[in-house]
Every structure is written in structure tokens, then in C-alpha cells.
Amino acid sequence: MAERRTEKAKQTPKRVFINNIDSYASKCVAKFLSECVVGAASDGEVETEEEEERKRADHSGAGAFHIVGTVAARCEDRAYVLEEYFQLNRDELLPKLMECDVIIYNITQHADQVEEALWAVSALHNEMGNFTAQKMFILISTVMTWVFSKPVNLDDLELPFTDEDFRRRRAHPNFKQHIDLEKRVVKMGKTDRTLFSTYVVASGLQYGMGEQVFHFFFKMSWQGKENEIPVFGEGKNIVPMIHINDLASVIQNVIECRPKPYYLLAVDYSNNTMEDIVKTVASALGPGKIQKRAFEEVYLTQDLSVMEIDSMCINLRMEGVHLKEQFSIHWLCESGLVENIELVVEEYRQTRGLLPIRVCVLGPPAVGKSTVSTHICEHYKLHHIRVQETISETISKLEHAVRNADPDAENDDSAAEAQELLSSLRDSMEQNGGLLDDRLLMKVMKDKLMSNPCRNQGFVLDGFPKTYEQAKELFYAEDHESEDGTSQISSYNKKIMPEFVLWLDASDAFLKDRVMNLPERLVQEHNYEQEHFLQQLAAYRENNMEDETVVNYFDELDITPLYLEITSNDEPDCLLLMQKIFDTMGQPRNYGPSSQEVQEEERRKTEQRMRREAQEKAEEEQREAEEAGQRAARWEEWSKSLEEARQQEEELLEAQSVPMRSYLMEHVMPTLNQGLIECCTARPQDPVDFLAEYLIKNNPLNY
């Protein structure tokens, strides 16, 4: 035993190449192998929990595998990868493959990798003479190469296919290249298995760690936008599957055990139908209801690729005999997806970061709790939980359940339970003036918070709970009690406990002023008539003067409320308040907009821009027309004024010239005319001097 362990300690890590290491399956296999320790799968010894824990703790320093591989994009920090190869041509890639002990090609996701895998195994086979050590080639293929296989026994159609039936397999038409590649890989491994061994691992449809083929159903159920999750076709087809980590464990065992069989079926021991799978997912994440649709409708779904659609048609019973006989696999989901749905759903949420955001907004009446809650819900796509709306919704659902109960159903307790609860709610509301007693109110609110939509996306509790006792009762974990049977403050339900608590507050004077300035519609809607509002405010202040308040309850659980004082109704101050809240809560934890929503948003923005541009153009044209009209009016007015001024000047000059003309005509012009005539008659050499002398001599005033 000690010698074997010494040998393992001396083993050097194997260098493993994996193609498309940033794709779903390859990434999961790479992560799994990077965390393996030397000899973890090769020996059949039973290890104690302490030894397993020690190996996990030491794997970073004694990893069994060094992972390298190709990537489609350099956008992630992949700590589990030793080297990444980006856009290498085949002449550059071959030396990298030659450096590796194990070469893994995954062709379950991208059909374009089939050609590259064929090149890789062929190139390595041709280079066998240059190998310095034994190499292994593992092809991760798909059970889609078995889809059209004839039954093992026509008299017993439930007899499963096994690894030993691989020569009888018949592929789906779209997977002909896959089966041809499988045959080539097997053939090349027979040349010299001591130097170059090849294996084909035919994987069932993969699930877990965020999902791939079944992601469509997980996403639709999680989003909760549909009342029924579709099952395309009858859904009676049996789907061979395997958890992606169990597939990675199979790969690890192949590497370390080097089994004699070279064709292995990697499937779990479930025989779930497509209907079982979808119904289980819908119950765990969504509405719990399914709807069978014509299979042709699947082609109208944009979120499914052709390969995924083909995979949904599979109908095979399969059993991995070699997995039992050759390996000692530590199964994660040996019994399949349906039996392990809680584990798979938790992996799905964690891997994709779809963690619920739970918020509780507290504060006095009219402080703005509903407004803040609405903004938070819009930003993070959460569910807005108001007490009255939740009660009305519950009653409506119960009435629907009672009306639509199946009278022919045997032992149908759900309808009776719905009727009983509905009667209790109505009786309580009649006895309490339209309000529920605390026991029923807590049940209604807790059921709402435990519903799938609230557990998926999260919620914002608007102004509830109001007292310490209500908080304690609402969030108390019923299945958690202390040894003496009494409840503990630490015994709370983690599934519905708020992650963030916002405590809004304002002065009484500010709140009264705000209510006085509210529109009458809002006053009636929120029941903020003066007398009633003052009673609400007084009751809130009285409750918060006690030693045990809702805020204290959260403090005791180390959930520190964010205190926000409201001092202004101005929009800039409100925007700053919301930004502070968003900074505290961080980024949204959801899918974000879908491709259709992105297109719709772009179309909406384009239409808005076009309308804005058209409006701006119309306004500009109108402004130019108005300016042109104003210029024309001013020009006409100026021209008219100028003409009037000219006429006035002419009239003034005319009026001023009359006396001068009369004077000249009487005293100057007669003598001057006579002088000019004499000058013209005499024609002297100096006519001006002549005229001057004439005027002096003939001046009528000379006596």
C-alpha cells in the first residue's frame, strides 16, 4: 500500500489538451479535471472522509492534470487553464498537441469541430514514430449517432442498448459525420495501443452546471412569463442523459484506468421521458404546468439550435455497462435529472448568477416606500409585494381553483383545501372590517414569498412587516427549533429573508406637507385623508418607540438596514437617492434583455429618434417660416416708412423753395435773362465777366 502511494506521489501531472475550452461541455470537463488529484480514480481503495478532504485541500499543489486548449475568445479569466491557444492554424496547433499526454476533442456542441477532430487524430497517428511517450486521444461524441438503431430485441422493445451494441448503431441524418469520425478514431487506435490509444465516449444529452440542451426549458420556467411550459410532440420519448460532471468523471477514469474497451456509453441510470423532464423543471422553477404542442412549432423557437432540436427527438433506452464493470465512478446524479432536480436547479442558479434579490422597504406613511419600491422593481426586474394586492391575488387564485376543480377526480384534496382556505380568508375579512388576522396574513404573505417567481427573481416587500412579531412570524423557519422546542431568533427561513433592508424616514412636518400637496386621486387611493393619515403616522411612531421594532429584528440577524432620510421632493434629490440604493444593491442578477427585447428596444429608440428628428425638423421649418415672415413684414414696414420719409422730405423741400423761387423770379431772373440774351448776341471772349458787368450796369436798384 505504501509503495503504491509513493508511486502516485512521484507521478507527474499529465498535460491534457481540450478543444473549445470556453464552450459549455469542454469548460466543465476542464474545470473538473483541473481539480483532480493524482490517482483519484485509478485505485479502487475505499478512502475515509479525512483522506478525501485532504486530497481536495491539496489538489492545487498536486493536480493530476495540467489543462491546455483552444478558445474562441479571450474574454474570461480561466484560472483552471494553464495555456490558451487563440486562432492557431493547424501547423501551429500540431506541435501543441504533440506536447500533450492526452488529447480530448468534444464534438457534442459544434459540428464544425468534427473536421478539426478528424485532422487532429489523423495528424497524431501520422506522427506516432516521433512520440516520446504514450499518448491518448479521447473523442467525446453523442448518442445521436445511435438514434436510428434497430431495437436489440423486437419482442422486447424495452431492452436497453449497451456499449457492446456499438457496431449496430445507426446515426441521425444530421450526425453522419459524427459516426464516421467515431469509426476513424477507433480504427487509428488499433495500430499500436501501447503508443497511441484512442477512445470514443458517446455522451448522453448533458445537463447541470448552467444547462445546455435543456436551457430553453430552464430559462422559460425561471422567467415565469408563460403560464405553461411547452412540450414539443407527445413527450413520450426516452432521453438518455448524463450530468456534465459525471461525464467529466468518466473522462477522468478513461485517462487514469486506460480500459480495454475503446467505445463507452456515458449515460446515467435514468429513463426519463421528455415530458417528465419538462414537467419536473416547470414544477421546480416555473408554473408547474406543461402544454403539449405540435413538434413542428419547435422550429419557430429562435432560442434553440438545429442540433438541440434534433436532440429532443431522441428516443433510446441505453445502459453504460462498461461504466459499471471498468470504473468506480463517484456519481453526482446517477439516478438522473428528475430525481436530482433540486441539486440541478441550484447549480443552474449559481452557475448563471441568477440569484434572487430580496428587499424590504420600511418607513412611515407617505415617505415614498411605494415609489422607491417601484423604481427598484423596474431596475432589477423584481416582484413588487404589497399586502392588499397579495391578498386579492390569493383570493382570486383560490376562487379560480375552486371553480375549475375536476369533479371526476378521485381524492382531489387540492380543491377542498382551496375552498377551506378561501372560506377562512373571507370569514376573517368580514370579522375584521376587511382585514385579515395575523395568522392568515402571515400564511398568505409567506406563500407569496415562497412562490417560484419570488424565489427566482426576488421581491421587494413594500411596507411590510409592520411589527417585530410580524417579522418574526413571517421569516421564521418552521422546521428549525431549538432543543427545548422554543423558537430561536437565528432560526429564520433563508429562502425568503431579505438581503437588503431600506429604512426610509422623514420629519412629521415634511410628511404632512407632502400629503397636503398630493392630488386628490392619490389621497383617495392611499387613504391619506387628514384624520386617517395622522392616525397612521401616530401608530407608526408609537410602534417604533418600542424596544422591539422591525428594524431591531433585522439588526439582531446582522442585516444592517440602510437608513435614508427624505428631505426633498425635488427630482435631482430623488435621482441621487435611487443611485445610492442601486450602488448599495449592486448589479442586477438576471438574464437581462433577450435578443427580441434588445431588437424591440432598438426599434423603439429608433422610432423615438425618428419622431424627435421629424419634430425638430418641423419645428425648425416652422421657426424658419416664422422668421421669414417676420423679415418680410419688417422689410415691408421699413420700405413703407422709407417711402413716407422721402415724400415728407420732398414736400418739405417744395414748401421751403416757394419763397426763394418767387424772390428770384421777381428780382433776379428778368435782368439775368436779359443779360444772357445780350451775352449770346455779343459773344464776348469772357462771357462771365461780360455778364457780370451787364448785371452791374443794369441793376434795377441803381438809381
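All figures in this text were calculated on a predicted structure; none of them were measured in a lab.

A. Molecular detail of the packing of aromatic side chains. Inspection of the entire model under this criterion finds 21 aromatic pairs. Ring plane angle 70 degrees and centroid distance 5.8 Å describe the contact between phenylalanine 131 and phenylalanine 196, whose orientation is recorded as edge-to-face. Remark: phenylalanine 196 occurs in strand S7 (residues 196-203) and phenylalanine 131 occurs in the loop between helix H5 (113-126) and strand S5 (135-142); sequence separation between them is 65 residues. Summarising the burial analysis for this pair, phenylalanine 131 and phenylalanine 196 share the class buried. When the ring of phenylalanine 216 is compared with that of phenylalanine 217, the centres are 5.2 Å apart and the planes differ by 80 degrees; the resulting orientation is edge-to-face. In this structure phenylalanine 216 comes out as buried when scored by relative accessible area, which is 8%.

B. Structural context of the pattern of salt bridges. Within the structure shown, the criterion is met by 25 salt bridges. Note that glutamate 83 is salt-bridged to arginine 15, the shortest N-O span being 2.8 Å. Remark: arginine 15 occurs in strand S1 (residues 14-18) and glutamate 83 occurs in strand S3 (residues 83-86); sequence separation between them is 68 residues. The exposure class of glutamate 83 is partly exposed, given its relative accessible area of 28%. Arginine 15 sits in the buried class, given a relative accessible area of 16%. Of the charged contacts, one joins glutamate 525 and arginine 521 as a salt bridge, the two residues approaching to 3.4 Å between their closest N and O atoms. One end of the pair is glutamate 525 and the other is arginine 521, both in helix H20 (residues 520-525) and 4 residues apart, which spans about a single turn. By the burial criterion, glutamate 525 is exposed, and arginine 521 matches it. Salt bridges here are not isolated pairs; linked through shared partners, they connect Arg15, Glu83 and Glu99.

C. Spotlight on the nonpolar core. Within the largest apolar cluster, 112 residues are counted, with the highest numbers of intra-cluster contacts made by Leu33, Ile104, Phe137 and Phe214. Leaving out residues up to four positions away in the same chain, phenylalanine 214 has contacts with Leu205, Gln206, Tyr207, Val239, Met241, Met274 and Ile277. Ranked by size, the runner-up nonpolar core spans 35 residues in total, among them Ile395, Leu398, Leu440 and Cys454.

D. Just the sheet that holds S5, in detail. Sheet architecture is open: 7 strands sit in the order S3-S2-S1-S4-S5-S7-S11, paired in parallel fashion. In the strand order of this sheet, the two ends are held by S3 and strand S11 (263-266), each with one partner. Taken over all neighbouring pairs, the strand axes of this sheet differ in orientation by 20 degrees on average, direction set aside. Both S1 and strand S2 (residues 65-71) contribute to a ladder of 5 bridges, which runs parallel. Residue pairing across strands places lysine 14 opposite phenylalanine 65, the latter belonging to S2.

E. Expanded view of the sheet that holds strand S16 (residues 458-462). The parallel open sheet is built from 5 strands, whose spatial order is S15-S16-S14-S17-S18. Looking at the sheet topology across the chains shown, the edges are occupied by strand S15 (383-385) and strand S18 (562-565). Across the sheet, the axes of successive neighbouring strands diverge by a mean angle of 20 degrees, strand direction being ignored. In this structure, strand S17 (residues 500-505) lies alongside S18, joined through 4 bridges in parallel fashion. By the bridge assignment, leucine 504 is partnered in S18 with leucine 564.

F. A look at unusual backbone geometry. Proline 465 follows phenylalanine 464 through a cis peptide bond whose omega is 0 degrees. Inspection of the secondary structure assignment puts proline 465 in the loop between S16 and helix H18 (468-475). With a phi angle near 50 degrees, arginine 683 is a residue other than glycine that sits in the positive phi range. Mapped onto the elements of the fold, arginine 683 is located in the loop between helix H25 (669-682) and helix H26 (687-697).

G. Examining a negative patch on the surface more closely. There is a patch of like negative charges on the surface, built from Asp438, Glu469, Glu473, Glu542, Glu546, Asp547, Glu548, Asp555, Glu556 and Asp558. Sorting the residues of the negative patch by element identifies H18 and helix H22 (550-556) as the ones contributing at least two each. One can find aspartate 558 in the loop between H22 and S18.

H. A look at the packing of helix H7 (residues 215-223) against helix H9 (residues 274-285). With their axes 8 Å apart at the nearest point, H7 and H9 run at an angle of 30 degrees to one another. Classified by the angle their axes make, H7 and H9 are roughly parallel. At the point where H7 passes H9, the crossing takes the right-handed sense. For the pair H7 and H9, the contacting residues are Phe217, Phe218, Ser221 and Trp222 in the first and Met274, Val278, Val281, Ala282 and Leu285 in the second. Taken together, the residues of the contact of H7 with H9 break down into 8 nonpolar, 1 polar and no charged.

I. Here's a closer look at the state of the cysteines. Under the defined criterion, the tally for this structure stands at 0 disulfides. As a non-bridged cysteine, cysteine 360 has cysteine 377 as the owner of its nearest cysteine sulfur, 12 Å distant. We classify cysteine 360 as buried; its relative accessible area is 0%.

J. Fine view of the confidence of the model for the chain. When pLDDT is averaged along the chain, the result is 88; 91% of the residues meet or exceed 70. Scored below 50 in pLDDT, residues 52-61 makes 9 contacts in the model with residues more than four places away or belonging to other chains. This model gives residues 480-489 a pLDDT under 50, and the stretch forms 13 contacts once residues within four places in sequence are excluded.

K. Quick look at helix H13 (residues 369-380). Given a rise of 1.5 Å per residue, 12 residues ought to cover 16 Å, and the 16 Å separating the end C-alpha atoms of H13 matches this to within 8%. Along H13, the positions that sit buried rather than exposed are Lys369, Val372, Ser373, Ile376, Cys377 and Tyr380. End-on, the buried residues of H13 take up no more than an arc of 135 degrees, which puts them together on one face. Residues of H13 that are buried make contact with strand S14 (357-362), S15, S16, S17 and helix H23 (571-585). Following H13 by one or two positions, lysine 381 has its phi on the positive side, about 60 degrees.

L. Spotlight on the side chain of glutamate 116. With respect to the helices, strands and loops of the structure, glutamate 116 is situated in helix H5. Buried and without a salt bridge, glutamate 116 has arginine 90 as its closest oppositely charged side chain, separated by 5.6 Å. Leave out the neighbours within four places in its chain, and glutamate 116 touches Arg90, Leu93 and Tyr105.

M. Spotlight on the pairing of S5. The element S5 is extensively covered by neighbouring structure, given that 8 of its 8 residues are classed as buried. Here S5 shows two buried faces, one formed by Lys135, Phe137, Leu139 and Ser141 and the other by Met136, Ile138, Ile140 and Thr142. In this fold, strand S4 (residues 102-106) hands off to H5, which returns the chain to S5; that crossover is right-handed. The pairing of S5 with S7 spans 8 bridges and is parallel. Across the sheet, serine 141 pairs through a bridge with alanine 202, a residue of S7.

What counts and what doesn't
Residues numbered from 1 in each chain as written. Predicted model: local features only at pLDDT ≥ 70, side-chain atom pairs only at ≥ 80, totals over all residues. Heavy atoms only, no water. Phe/Tyr/Trp six-rings, centres within 6.5 Å; stacked < 30°, edge-to-face > 60°. Helix = DSSP H or I, 4+ residues; strand = E, 2+ residues; numbered from the N terminus. Buried < 20%, exposed > 50% of the residue type's maximum accessible area, 1.4 Å probe, protein only. Salt bridge = Lys/Arg side-chain N within 4 Å of Asp/Glu carboxyl O. Core = buried A, V, L, I, M, F, W, Y, C linked by side-chain atoms within 4.5 Å. Contact = heavy atoms within 4.5 Å. Pairing = 2+ DSSP bridges. Axes fitted to C-alpha atoms, helices over the stretch in contact; angles between N-to-C directions. Patch = residues over 30% accessible without salt bridge, like charges linked within 9 Å, V, L, I, M, F, W, Y side chains within 5 Å. Areas by Shrake-Rupley, 256 points an atom, 1.4 Å probe, with all protein chains shown as cover. Lys, Arg positive; Asp, Glu negative; His and termini not counted. Charge placed at Lys NZ, Arg CZ, Asp CG, Glu CD. Parallel < 35°, antiparallel > 145°, perpendicular 65-115°, else oblique. Left-handed = near helix turned anticlockwise from the far one by under 90°. Nonpolar A, V, L, I, M, F, W, Y, C, P; charged D, E, K, R; others polar. Disulfide = S-S within 2.5 Å. pLDDT = per-residue confidence, 0-100. Expected span 1.5 Å × (residues − 1). Arc of directions from axis to C-beta. Right-handed = clockwise from strand over helix to strand, strands pointing away.

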